[in-house]
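Coordinate inspection notes
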Amino acid sequence: MPQRLTNPGWSRIEIGGKPADVFEPTDGPALRLSLLWLHSQDEAFPANNAALTARLNSRRLPCVAPFTGRSWWVDRIGSEFDATLTAERHVIANVLPWMKERWAGIGVAGIEMGGQGAVRLALKHPKLFPVAAGLGSALDFHELHGRGTPLDAMYDSRERARQDTATLYMHATDWPPHLWFACDPEDPWYRGNDRLHEKLSAYGVPHTADLESSGSDYFEAMLEPMLDFIVTGLQRESRRLVVTGHSDLRGLVL
């Protein structure tokens, strides 16, 4: 976990007894919408990412980034996070309610381990996570099983890990209405993203996938379309909920 915050707008708090960084826009009033950011396995946190911070600020989008170590954001006990609480349960039982008390709409996104976590949570719990995005998502994380990572203790076999990956949670009739993912063709995690795109397309599940863009500044460049998708998806969800009678969302500052 980083020892200091290097970009303005971020503060460190505890949610459910666990550390998290929270971003509040410094340029103008914040949206009533927010982003749940899931970090990568190298724990590259957004509070220390100037490019991401600037893009959150320009969109006036609050952000919450919990810390869970190399938990892979799954419903399995991970020694780097907690002895009894899983990262997935922490997000659902602690972080999500905390965010819902403050903001009307919540999107989830991340890069690599965090990207697969965002996509996986959305496919597994589409009602809780209707807007999700993953960049360079490590969707086939079972490929790391047996290589000395925390996954070895979390799953008793590579196959058991594979059965818990995002692609296996895709449901033909129940899916997140706003799902985006992108992966550079040169990225080692590309095949998992391509496989998910093929499966979603075969079942007619709406989604947006960019599996062609590339470049030396790929991750920074792709933050723009990813965050634009998140904000647009959240705005559409808020309008849909207002139309269907969820009066708690009336008066949103979009």
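What you see is a predicted model; the values in this text were computed from it and never measured.

Parameters and conventions
- Residues numbered from 1 in each chain as written.
- Predicted model: local features only at pLDDT ≥ 70, side-chain atom pairs only at ≥ 80, totals over all residues.
- Heavy atoms only, no water.
- Phe/Tyr/Trp six-rings, centres within 6.5 Å; stacked < 30°, edge-to-face > 60°.
- Helix = DSSP H or I, 4+ residues; strand = E, 2+ residues; numbered from the N terminus.
- Buried < 20%, exposed > 50% of the residue type's maximum accessible area, 1.4 Å probe, protein only.
- Lys NZ or Arg CZ within 6 Å of the ring centre and 35° of its normal.
- Core = buried A, V, L, I, M, F, W, Y, C linked by side-chain atoms within 4.5 Å.
- Contact = heavy atoms within 4.5 Å.
- Expected span 1.5 Å × (residues − 1).
- Pairing = 2+ DSSP bridges.
- Salt bridge = Lys/Arg side-chain N within 4 Å of Asp/Glu carboxyl O.

As for the packing of aromatic side chains
Applying the stated criterion to the full structure yields six aromatic pairs. Judged by centre distance (4.4 Å) and plane angle (50°), the ring pair of Phe45 and Phe67 falls under tilted. Of this pair, Phe45 sits in the loop between β3 (33–38) and α1 (50–58) while Phe67 sits in the loop between β4 (63–66) and α2 (87–100), placing them 22 residues apart in sequence. This pair shows no difference in class: Phe45 is buried, exactly as Phe67 is. Every member of this aromatic cluster is reached through a ring pair, and the members are Trp72, Phe141 and Tyr155. When the ring centre of Phe81 is taken as reference, the NZ or CZ atom of Lys18 above it lies at 4.9 Å. Sitting over the face of the ring of Trp98, Arg102 holds its NZ or CZ atom 3.7 Å from the ring centroid.

Remarks on the nonpolar core
Within the largest apolar cluster, 44 residues are counted, with the highest numbers of intra-cluster contacts made by Leu36, Val64, Trp72, Met99, Val119 and Phe129. Of all the secondary structure elements, the ones that give two or more residues to this core are β2 (18–23), β3, α2, β5 (105–111), α3 (113–124), α4 (151–154), β7 (178–182) and α6 (190–202). No other element matches α2, which puts seven residues into this core. Apart from the residues lying within four places of it in its own chain, the contact partners of Phe129 are Leu36, Val91, Ile92, Leu96, Val108, Leu121, Ala122 and Pro176. Ranked by size, the runner-up nonpolar core spans 28 residues in total, among them Leu33, Cys63, Tyr218 and Met226.

A few points about α6
Residues spaced three or four apart along an α-helix point in a common direction, a consequence of the helix completing one turn every 3.6 residues. Spanning 13 residues, α6 covers 18 Å between terminal C-alpha atoms, matching the ideal 18 Å at 1.5 Å per step. For α6, every residue scored as buried is listed here: Gly192, Asn193, Asp194, Leu196 and Leu200. On the buried face of α6, the contacting elements are α3 and β7.

Here's the deal with unusual backbone geometry
In this structure, Arg60 is a non-glycine residue whose phi angle is positive, near 55°. Along the chain, the position of Arg60 falls in the loop between α1 and β4. For Arg60, a relative accessible area of 24% translates into the label partly exposed. The residue Trp73 is not glycine, and still its phi comes out positive at about 55°. Note that Trp73 resides in the loop between β4 and α2.

Quick word on the pairing of β4
In β4, alternate side chains face the same way, and those of Cys63 and Ala65 on one face and Val64 and Pro66 on the other are all buried. As paired elements, β2 and β4 share four bridges and run antiparallel to each other. Counted as the bridge partner of Phe23 is Cys63 from β4. The sheet contact formed by β3 and β4 spans two bridges and is parallel. From the neighbouring strand, Leu36 faces β4, where its bridge partner is Val64.

Brief notes about the side chain of Arg59
When you line up the elements, Arg59 lands in the loop between α1 and β4. Assessed through its relative accessible area of 15%, Arg59 is described here as buried. Once residues lying within four places of it in the same chain are set aside, the contact partners of Arg59 are Leu31, Glu224, Leu227, Asp228 and Val231.

Here's the deal with the pattern of salt bridges
Following the criterion strictly, the structure yields 17 salt bridges and no others. Residues Glu159 and Arg162 are paired through a salt bridge, measuring 2.7 Å at the closest nitrogen-oxygen approach. Of this pair, Glu159 and Arg162 are both found in helix α5 (residues 158–162), three residues apart, which corresponds to roughly one turn of the helix. Accessibility expressed as a relative area gives 30% for Arg162, which makes it partly exposed.

Observations concerning the environment of Tyr190
Here Tyr190 shows up in helix α6. Sequence-wise, Tyr190 and Ala138 are 52 residues apart; in three dimensions their C-alpha atoms are separated by 8.2 Å. In this structure, Tyr190 is in contact with Cys183, Asp184, Pro185 and Leu211, ignoring residues within four places of it in sequence.

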